[in-house]
Amino acid sequence: MNAHPVATTAAPSIAPTIAPTADALPEPRLLDLDWPHVFRPGSSDRPVLLMLHGTGGNEQEIAGLADALDPAAAVLAPRGRVSEGGLTRWFRRHAEGVFDVDDVVRRAGELAKFIAWARHRYDLGERRIVAVGFSNGANIALATALLHPESADRVVAFSGMFPLDDRSVSGDLSRSEVLLLNGRSDPMAPLPSVTRLVSVLTSHGAEVEQELRDGGHGITATDAAAAASWLARHP
């Protein structure tokens, strides 16, 4: 999908850290490394869509999906900071479907800090930020929601799965709202992992809606329509 024209901005990146708590997050103004992203302000009465690309994607491509979901929304689309064989990703993995969970935890903490920085940098105030991710981007969105619900309490996950393997989740997700869109025969996001994700989210208080369709990995027109409808019902 072609990207909507957006302005490209270089934002401060984040020094690596392991699963910081909300209290441990530094002041956004102190972040001083480089993190490429795009930002489009949108209408002030609409949410901010944090668009997170899949493996091999980029911030320009995924920003274009926002127009199909809420064309009046603000768009904030950072670039994944991990390279795998030249392909951009959000975190490392050992093999297909086998995540480096320590790195998942680390990168989720980085993304939480980026969200805090962007809220300060773009004067977003109390505007709701909705993390919208595809595949690897969905997984980092879900990891951030599970570990840092104060940063990402609303998620739309296309072809995502449970990203934390054997790690336990202890946070309160009672303010979180999550939409999961998956194909029943997706080998890259298998249903047992999706089912576990639903169980973990709901057991910690999150409100979860799930849309299952025939087929595998990807974003179909029906997926996009379901996401747009969900966003409209959760203003």
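Use the structure listed above.
Attention here is on the structure that accompanies the text. (Residues numbered from 1 in each chain as written. Predicted model: local features only at pLDDT ≥ 70, side-chain atom pairs only at ≥ 80, totals over all residues. Heavy atoms only, no water.)

Between helix H2 (residues 101-121) and helix H3 (residues 136-147), whose axes approach to 9 Å, the crossing angle comes to 80 degrees. Relative to H3, H2 is oriented roughly perpendicular. Contacts between H2 and H3 involve Val-104, Val-105, Arg-107, Ala-108, Leu-111 and Ala-112 from the former and Ile-140, Ala-143, Thr-144 and Leu-147 from the latter. (Axes fitted to C-alpha atoms, helices over the stretch in contact; angles between N-to-C directions. Helix = DSSP H or I, 4+ residues; strand = E, 2+ residues; numbered from the N terminus. Parallel < 35°, antiparallel > 145°, perpendicular 65-115°, else oblique. Contact = heavy atoms within 4.5 Å.)

Enumeration over the complete set of coordinates arrives at 20 salt bridges. When the shortest N-O distance is used, the salt bridge between Arg-40 and Asp-67 registers 2.9 Å. Of the two residues, Arg-40 is situated in strand E2 (residues 33-40) and Asp-67 in helix H1 (residues 59-69); the sequence distance between them amounts to 27 residues. With its nearest N and O atoms 3.1 Å apart, the salt bridge here joins Asp-214 to Arg-184. In this pair, Asp-214 sits in the loop between strand E12 (207-213) and helix H5 (221-233) while Arg-184 sits in the loop between strand E11 (177-183) and helix H4 (191-203), placing the two residues 30 residues apart along the sequence. Arg-184 gets classed as partly exposed once you look at its relative accessible area, which sits at 44%. Through salt bridges with shared partners, a single ionic network connects Arg-81, Arg-92, Asp-100, Asp-103, Arg-106, Arg-107 and Glu-110. (Salt bridge = Lys/Arg side-chain N within 4 Å of Asp/Glu carboxyl O. Buried < 20%, exposed > 50% of the residue type's maximum accessible area, 1.4 Å probe, protein only.)

For the coordinates displayed, the defined rule picks out six aromatic pairs. Seen in terms of ring centroids, Trp-35 and Phe-114 are 4.9 Å apart; in terms of plane orientation they differ by 40 degrees. Their pairing is tilted. One end of the pair, Trp-35, is in strand E2; the other, Phe-114, is in helix H2, and 79 residues separate them in sequence. Residue Trp-35 is classed as buried on the basis of its relative accessible area, which comes to 2%. Owing to a relative accessible area of 0%, Phe-114 belongs among the buried residues under this scheme. (Phe/Tyr/Trp six-rings, centres within 6.5 Å; stacked < 30°, edge-to-face > 60°.)

Further remarks concern unusual backbone geometry. For Asp-123, which is not a glycine, the phi torsion comes out positive at approximately 50 degrees. Tracing the backbone through its elements, the reader meets Asp-123 in the loop between H2 and strand E9 (129-134).

This part covers the environment of Ala-77. Structurally, Ala-77 can be placed in strand E4 (residues 74-78). With relative accessibility at 0%, the residue Ala-77 sits in the buried group. Once the C-alpha coordinates of Ala-77 and Gln-60 are considered, the two residues, 17 residues apart in sequence, prove to be 7.5 Å apart. Those residues in contact with Ala-77, other than ones at most four positions away along the chain, are His-37, Val-38, Met-51, Glu-59, Ile-62 and Ala-63.

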